[in-house]
Amino acid sequence: MLAGELVQEHLRRDNAPDEIDISCKSSVRNGSVPIGDQYTALTNGSAHLTELDSKALEQEIPPDEKQAMLPGEEKCIETKLYWRRFAVLAVFSFYSLVNAFQWIQYSIITNIFTHFYNVSSDKIDWLSIVYMVAYVPLIFPATWLLDKKGLKLTALMGAGLNCVGAWVKCASVRPDLFGVTMTGQIICSIAQVFILGLPSKIASVWFGPKEVSTACATAVLGNQLGTAIGFLLPPVLVPNTVEDIKLMGHNISVMFYWTAAVSTALFILTVIVMKDRPSLPPSQAQAVLPDCAPEDYSYRQSIINLFKNKPFILLLISYGIMTGSFYSVSTLLNQMIMACYENQELNAGRIGLTLVVAGMVGSIICGLWLDHTKTYKMTTLIVYILSFIGMLVFTFTLDLNSIYLVFFTAGVLGFFMTGYLPLGFEFGVEITYPESEGTSSGLLNAFAQIFGIIFTLIQGRLTTDYNPLAGNLFLCVWIFLGIFLTALIKSELKRNNVNMGMDHRNLQAVPTECPSDKPTNGVKMETSVSFSHETSL
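The shown structure was predicted, so the numbers you read here are calculated from the model rather than taken from an experiment.

### Considerations on the pattern of salt bridges
Argument step 1. Considering all chains together, one arrives at 4 salt bridges under this definition.
Argument step 2. The salt bridge partner of Asp122 is Arg461, with a shortest N-O separation of 4.0 Å. Taken together, the residues Asp122 in helix α5 (residues 121–149) and Arg461 in helix α18 (residues 437–465) connect sequence positions 339 residues apart.
Argument step 3. For Asp122, a relative accessible area of 39% translates into the label partly exposed.

Rendered as structure tokens:
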């Protein structure tokens, strides 16, 4: 401990802003000098292990993230970005796209499927709601699998189940086989559980600190693009041929078989491309995380830590409200448009496409903005307010007998409402670091599904019994509440602080021994109560 005190005294004399508490054991590792004669400095995104002498103390610490020295080791651990990260991101985005397409492919042509299967519109709505229902109870085993077994197995589960569900639907193209198509949709909804929580995990594990938010936005983009294609293609592939049920069945069959073929190809690509993590970490935040074997990781404790995090609880509710509202609007869009404009199935799909494509643009812009400014709370709050305004405008212009105006207002609403999705993921990772990204994202999605189920059922009933105005006003009230909850979130950018070397009073690097036989980096992260607040412009 004397060596540590000498280091801190030297740093104070030099007015160094970064002070780190280090607990060391008097032991020798890999033939190196005793740890008690060494110190660790985490600053400017690098960690260096140096012998305590006057010459070493005068050395300047390099500002880049190229190398990191860990306690008890002489070997430097480098950070590196691999080209493979783009392939991993692309394959994930595409099979997420197909899963989202299968979610919305029924709802956007509700009137056609009610006629083909001879069921009520409520049952067709449940083909979308089942995605939300399945997610809530299955999110905990899915995030446990991600944390315990890794990214590759979780990705294979998502892509594989998505493929199986698509082929089951191919056997359901008969008016008396509604139960079979529901079974296929349930399988796809289970696949979704292994998909929605991965964007922030893939971004953090594979991408550097200057591109992590953009990567997360791109991963979310795949899901949004699938929803957009789900709005566009079904009305084109399955026109409303009421007088010819056989032709209608043939068109549905074509749509199902093409979906199954693409899902199969993407599953094969997932097997080839997907990998748990790169050989070297992409950022300092990943390099300093504990590297213990999976059996030493406490999933239960991680959940407890997240639910004790008050800012994260506020984010859970506000994210659930916004994303649940988006799910509800997407599911009921066909019914809203058909209630105000007759025989506009094709335009209903195009309006949905406009809503989601605008949201995709919003997602990318928000991701680039976050990577550039790191103003997570400010950006999230502004987008939330603008989403509320967009929802109000969409609500009061829907029935003005101008379909082109609906296109415009839907685009504005989608730009902000769906552009919010990656913001919530990244904000959640920042305020919960060093907890698992998959666990925090999974809980955010779970709350989104819960609110989505409630909102869809209530808004659907209000739309059916009264009019679309009543259902949309219901959502406006809840989004307005979400603005206040977002404003109350205390912004603590823990991951960014580690990457930028601003965590000197908040993280302790202490030697730790993992009970497993797997080699570890020997670092244990201990978080304190306060972190530096959000970076300002």
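### Side note on a nonpolar patch on the surface
Argument step 1. A cluster of nonpolar side chains, namely Trp369, Met378, Ile382, Ile385, Leu386, Ile389 and Val393, defines an oily patch on the protein surface of about 550 Å² accessible area.
Argument step 2. Per element, the largest residue contribution to the nonpolar patch is 6 residues, and it comes from helix α15 (residues 376–397).
Argument step 3. Residue placement: Trp369 occurs in helix α14 (residues 345–373).

### Re the packing of helix α3 (residues 84–104) against helix α9 (residues 212–237)
Helix-helix packing is characterised by the crossing angle of the two axes and by the distance between the axes.
Argument step 1. Close contact between α3 and α9 brings their axes to 7 Å; oriented N to C, the two are set at 35°. Note that α3 runs across α9; the crossing there is right-handed.
Argument step 2. For the contact of α3 with α9, the class distribution of residues is 14 nonpolar, 8 polar and no charged.

### Considering the packing of aromatic side chains
Argument step 1. Counted under the stated rule, the structure contains 20 aromatic pairs.
Argument step 2. Ring geometry for Phe451 versus Trp478: centroids 6.2 Å apart, planes at 65°, classification edge-to-face. Taken together, the residues Phe451 in helix α18 and Trp478 in helix α19 (residues 468–487) connect sequence positions 27 residues apart.
Argument step 3. Three or more aromatic residues joined by ring pairs make a cluster, and in this case those are Tyr106, Phe113, Phe116, Tyr117, Phe178 and Phe256.

### Let's talk about the nonpolar core
Argument step 1. Core analysis: the largest hydrophobic core is formed by 121 residues, its most contacted members being Tyr95, Phe113 and Ile202.
Argument step 2. Looking at which element gives the most residues to this core, the answer is helix α13 (residues 310–340), with 13 residues.
Argument step 3. A domain split of this core shows at least three residues from each of domain 1 (80–283) and domain 2 (301–504).
Argument step 4. When neighbours within four sequence positions are excluded, Tyr95 is seen to be in contact with Ala155, Gly158, Ala159, Asn162, Ile195, Leu198, Leu266, Thr270 and Met274.

### Looking at the confidence of the model for the chain
Argument step 1. The pLDDT averaged across the chain works out to 76; a share of 74% of its residues lies at or above 70.
Argument step 2. Contacts from residues 1–75, a stretch scored under 50 in pLDDT, to residues over four places away or in other chains number 139 contacts.
Argument step 3. Contacts for the low-pLDDT stretch residues 292–296, under 50 throughout, to residues beyond four places or in other chains number 11 contacts.

Definitions and cut-offs
- Residues numbered from 1 in each chain as written.
- Predicted model: local features only at pLDDT ≥ 70, side-chain atom pairs only at ≥ 80, totals over all residues.
- Heavy atoms only, no water.
- Salt bridge = Lys/Arg side-chain N within 4 Å of Asp/Glu carboxyl O.
- Helix = DSSP H or I, 4+ residues; strand = E, 2+ residues; numbered from the N terminus.
- Buried < 20%, exposed > 50% of the residue type's maximum accessible area, 1.4 Å probe, protein only.
- Patch = residues over 30% accessible without salt bridge, like charges linked within 9 Å, V, L, I, M, F, W, Y side chains within 5 Å.
- Areas by Shrake-Rupley, 256 points an atom, 1.4 Å probe, with all protein chains shown as cover.
- Axes fitted to C-alpha atoms, helices over the stretch in contact; angles between N-to-C directions.
- Left-handed = near helix turned anticlockwise from the far one by under 90°.
- Nonpolar A, V, L, I, M, F, W, Y, C, P; charged D, E, K, R; others polar.
- Phe/Tyr/Trp six-rings, centres within 6.5 Å; stacked < 30°, edge-to-face > 60°.
- Core = buried A, V, L, I, M, F, W, Y, C linked by side-chain atoms within 4.5 Å.
- Domains from an automatic or database assignment.
- Contact = heavy atoms within 4.5 Å.
- pLDDT = per-residue confidence, 0-100.

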